[in-house]
Structure formats: structure tokens, C-alpha cells
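Summary of the model geometry
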Amino acid sequence: MPLISPSLLSADFLHLADECKMLNESEADWFHLDVMDGRFVPNISYGFPVIAQIKKTTAKLFDVHLMIVEPEKYAADFKTAGADILTVHIEACSHLHRNIQQIKLLGMQAGVALNPHSPVALLKDIIQDLDLVLIMSVNPGFGGQSFIPHSIEKINQLRSLISESGSHAKIEVDGGITLENAKQIVEAGADVLVAGNAVFKSADPKATIAALKNM
Ligand code: DX5
Ligand code: ZN
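These figures come from a predicted structure and were not determined experimentally.

**Observations concerning the overall build of the chain**
Helix and strand counts for the chain come out as eight helices and eight strands. On the principal axes, the C-alpha backbone points of the chain span a range of 45 × 35 × 30 Å. Per-residue burial for the chain yields a buried fraction of 54% across its 215 residues. Taking all contacts inside the chain whose residues are at least 6 apart in sequence as the whole, residues at least 24 apart take part in 66%. Looking at the chain as shown, the accessible area adds up to about 9400 Å², and 53% of this sits on carbon and sulfur atoms. Taken together, the 17 basic and 25 acidic charged side chains of the chain have centroids lying 4 Å from each other.

Have a look at this one:
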């Protein structure tokens, strides 16, 4: 059974407390929080004050996806705001090993995200250190885009790399996940499904979360 991490990017920000209540009553495992800086990605989302407020509503694990340059400048602040897992983009980190050690020293689980163009093989010498690998199945920056089919191949490759290396990293997939394609993604080897639009724009978000989990 996959873990489900709904992306708050698609939530109704005017009724954020209600959206958090819904997630808390649902079978969602984690809260997925997308942070965008307008530099690494062509969009800006939300930051520390919003994340810290949402944290007060829940005991569920905070899965923070940083789409920002120079994440090392802010890692401690994300810990303070409530991050349990902090994921940085490989394309944004010249010193990825140092970034990962910093995140762990701060007491968080460490994740690395790959854009659609970044090969899984780039992780060969860091996979042992990771708690999570996030395969972006759309180009980051926006919710509601279509799943890129080649991502399935990348999930397969990552599953092999993880078993060959003995890494305990979880595989998370993010972007364009729907009730229609979720089963195929889990069968390819995903441990965690992120879903924004599929959950928050559905008529019955709790039922959609349950359906994603119990595929
Ligand atoms: C995109 C974000 C995703 C996004 C997913 O840059 O990383 O987490 O919110 O949204 P959907 O599920 O609508 O593609
Ligand atoms: Zn995300």
C-alpha cells in the first residue's frame, strides 16, 4: 500500500483550516508542502509562516519539497517551521553531499528530487545517504499538469539502484498523479504518491485519498 502525500499547493487557501481538517480525517499519511522561489522554478508559492501555521493543525509528517536555489541558507528555518523530511533538487545543489549532511544534522530526513530531464544514474554515489528520492513526473512549478510517461521507466531504474545499493530510500512520485494512473506508478515501484489536483479538486477529497491508498 503506498503512502499518500497530498500537495497543499492545490488547496483552497482561503479555507486552509478546513483543508487541514479534511486531511487529518482522511487516510493521508503525509502533508506535501511545495516551496517555490521564482528562481529555480517560474512560480512562487508560500513559505515559513504558512508552513508553521499548518503544522499546528496536525501530527502527520511534513514532507517539504524545496524548489529553491541555495537551500542550505534556509534548511534550519524549515526545520523550525515544522519540516520532518526536507527534499532538495539535485539541479539546485552544487554540493549535494554537504546539503544532505546538513539536513540530517538538523534532525530531518533527507530527500533529493530529480527533474524530468535528470537521469537516475546521477544518484549512484549519494543514494546510500538518502531517506527519500522524489521523481518529478512533471516539470516543477505548477499543479495540474499531465504525467510524463517516461517517469515510469525512471521509477523502475530507481527501484533497481536502491536494491543494488542496499539503500533504505523511499521512492516518491510527484506530478500529474490521478486515480487512472496511480496503480501503474505503484506497480513500477513507488512508495509515496503526491497528489494535488486529483485530491483537492475532486468532489470527495477524502474518498479520493482512500482510493489512491487502496488501489
Ligand atoms: C509541482 C509540485 C507538485 C504539485 C503536484 O511543482 O511539486 O507537488 O503540487 O500537483 P498535481 O498533483 O496537481 O500535479
Ligand atoms: Zn511537490
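Continuing now.
**Looking at the pairing of strand S4 (residues 85–89)**
With five of five residues buried, S4 is to be regarded as a mostly interior element. Residues Ile 85, Thr 87 and His 89 of S4 are buried on one face, and the alternating residues Leu 86 and Val 88, pointing to the opposite face, are buried as well. In the sheet, strand S3 (residues 61–67) pairs with S4 via three bridges, with the strands oriented parallel. The residue of S4 that forms the bridge with Asp 63 is Ile 85. In this view, the connection linking S3 to its parallel neighbour S4 by way of helix H3 (residues 75–81) has right-handed handedness. With five bridges connecting them, S4 and strand S5 (residues 109–114) associate as parallel partners.

**Quick word on the coordination of the zinc ion (ligand 2)**
Within the protein, His 32 (NE2), Asp 34 (OD), His 65 (ND1) and Asp 174 (OD) serve as the donor atoms for the zinc ion (ligand 2), at 2.0 to 2.3 Å. Relative to the metal, the six donor atoms surrounding the zinc ion (ligand 2) lie at angles of 71 to 171°, and the coordination shape comes out octahedral. Mapping the donors of the zinc ion (ligand 2) onto the primary sequence gives the spacing H-x1-D-x30-H-x108-D. Remark: His 65 occurs in strand S3 and His 32 occurs in strand S2 (residues 30–36); sequence separation between them is 33 residues. Comparing His 32 with His 65 shows no difference in burial state: the two are buried.

**A short note on helix H8 (residues 205–213)**
Residues that lie three or four places apart on an α-helix share one face, since the helix turns once every 3.6 residues. Listed as buried for H8 are Pro 205, Thr 208, Ile 209, Ala 210, Leu 212 and Lys 213. Buried positions along H8 lie against strand S1 (3–6), helix H1 (16–25), helix H6 (182–188), strand S8 (192–195) and helix H7 (197–200).

**Brief notes about the site of ligand 1**
If you check the shell around ligand 1, you find 20 residues, and the closest are Ser 7, Gly 141, Gly 144, Asp 174 and Gly 196. A distance of 2.8 Å separates an oxygen atom of ligand 1 from a polar atom in the backbone of Gly 144. Considering ligand 1 on its own, with 380 Å² of exposed area, one finds that the protein chains cover 99% of that surface. If you map ligand 1 onto the pockets, it falls in the largest pocket. Residue assignment for the shell around ligand 1 shows that the elements contributing at least two residues are S2, S3 and S8.

**Structural notes on the packing of H1 against H8**
Relative to each other, H1 and H8 sit at 40°, their axes nearing to 9 Å. Taken together, H1 and H8 sit at an angle that is classed as oblique. Read as a crossing pair, H1 and H8 show a hand that is right-handed. For the pair H1 and H8, the contacting residues are Met 22, Leu 23 and Glu 25 in the first and Pro 205, Lys 206 and Ile 209 in the second. A breakdown of the residues in the contact of H1 with H8 according to their chemical character gives four nonpolar, no polar and two charged.

**Brief notes about the packing of aromatic side chains**
A complete count under the given rule lists four aromatic pairs for this structure. Aromatic pair Phe 13 and Tyr 46: ring centres 6.0 Å apart, planes at 75°, arrangement edge-to-face. In this pair, Phe 13 sits in the loop between S1 and H1 while Tyr 46 sits in the loop between S2 and helix H2 (48–55), placing the two residues 33 residues apart along the sequence. One cation-aromatic arrangement involves Lys 55 over Phe 62; the distance from NZ or CZ to the ring centre is 4.6 Å.

**Some details on the environment of Val 112**
Inspection of the secondary structure assignment puts Val 112 in strand S5. Using a relative accessible area of 0% as the deciding quantity, one classes Val 112 as buried. A C-alpha to C-alpha distance of 19 Å links Val 112 and Gly 47, two positions 65 residues apart in sequence. In this structure Val 112 touches Thr 87, Val 88, Ile 90, Leu 96, Ile 100, Leu 123, Leu 130, Leu 132, Val 133 and Leu 134, once residues within four positions along its chain are discounted.

Parameters at a glance
Residues numbered from 1 in each chain as written. Chains lettered and ligands numbered in written order. Predicted model: local features only at pLDDT ≥ 70, side-chain atom pairs only at ≥ 80, totals over all residues. Heavy atoms only, no water. Helix = DSSP H or I, 4+ residues; strand = E, 2+ residues; numbered from the N terminus. Buried < 20%, exposed > 50% of the residue type's maximum accessible area, 1.4 Å probe, protein only. Contact = heavy atoms within 4.5 Å. Areas by Shrake-Rupley, 256 points an atom, 1.4 Å probe, with all protein chains shown as cover. Lys, Arg positive; Asp, Glu negative; His and termini not counted. Charge placed at Lys NZ, Arg CZ, Asp CG, Glu CD. Pairing = 2+ DSSP bridges. Right-handed = clockwise from strand over helix to strand, strands pointing away. Donors = N, O, S within 2.8 Å, 3.2 Å for Na, K, Ca; no water. Tetrahedral: all angles 85-135°; square planar, octahedral: opposite > 155°, others 65-115°. Near = heavy atom within 4 Å. Polar contact = N/O pair within 3.5 Å; in protein donor to acceptor, adjacent residues only side chain to side chain. 1 Å grid on protein atoms, 1.4 Å probe; cavity = no way out; pocket = protein on both sides within 12 Å on 5 of 7 lines; lining within 4 Å. Sits in = over half its atoms within 2 Å of the grid points. Axes fitted to C-alpha atoms, helices over the stretch in contact; angles between N-to-C directions. Parallel < 35°, antiparallel > 145°, perpendicular 65-115°, else oblique. Left-handed = near helix turned anticlockwise from the far one by under 90°. Nonpolar A, V, L, I, M, F, W, Y, C, P; charged D, E, K, R; others polar. Phe/Tyr/Trp six-rings, centres within 6.5 Å; stacked < 30°, edge-to-face > 60°. Lys NZ or Arg CZ within 6 Å of the ring centre and 35° of its normal.

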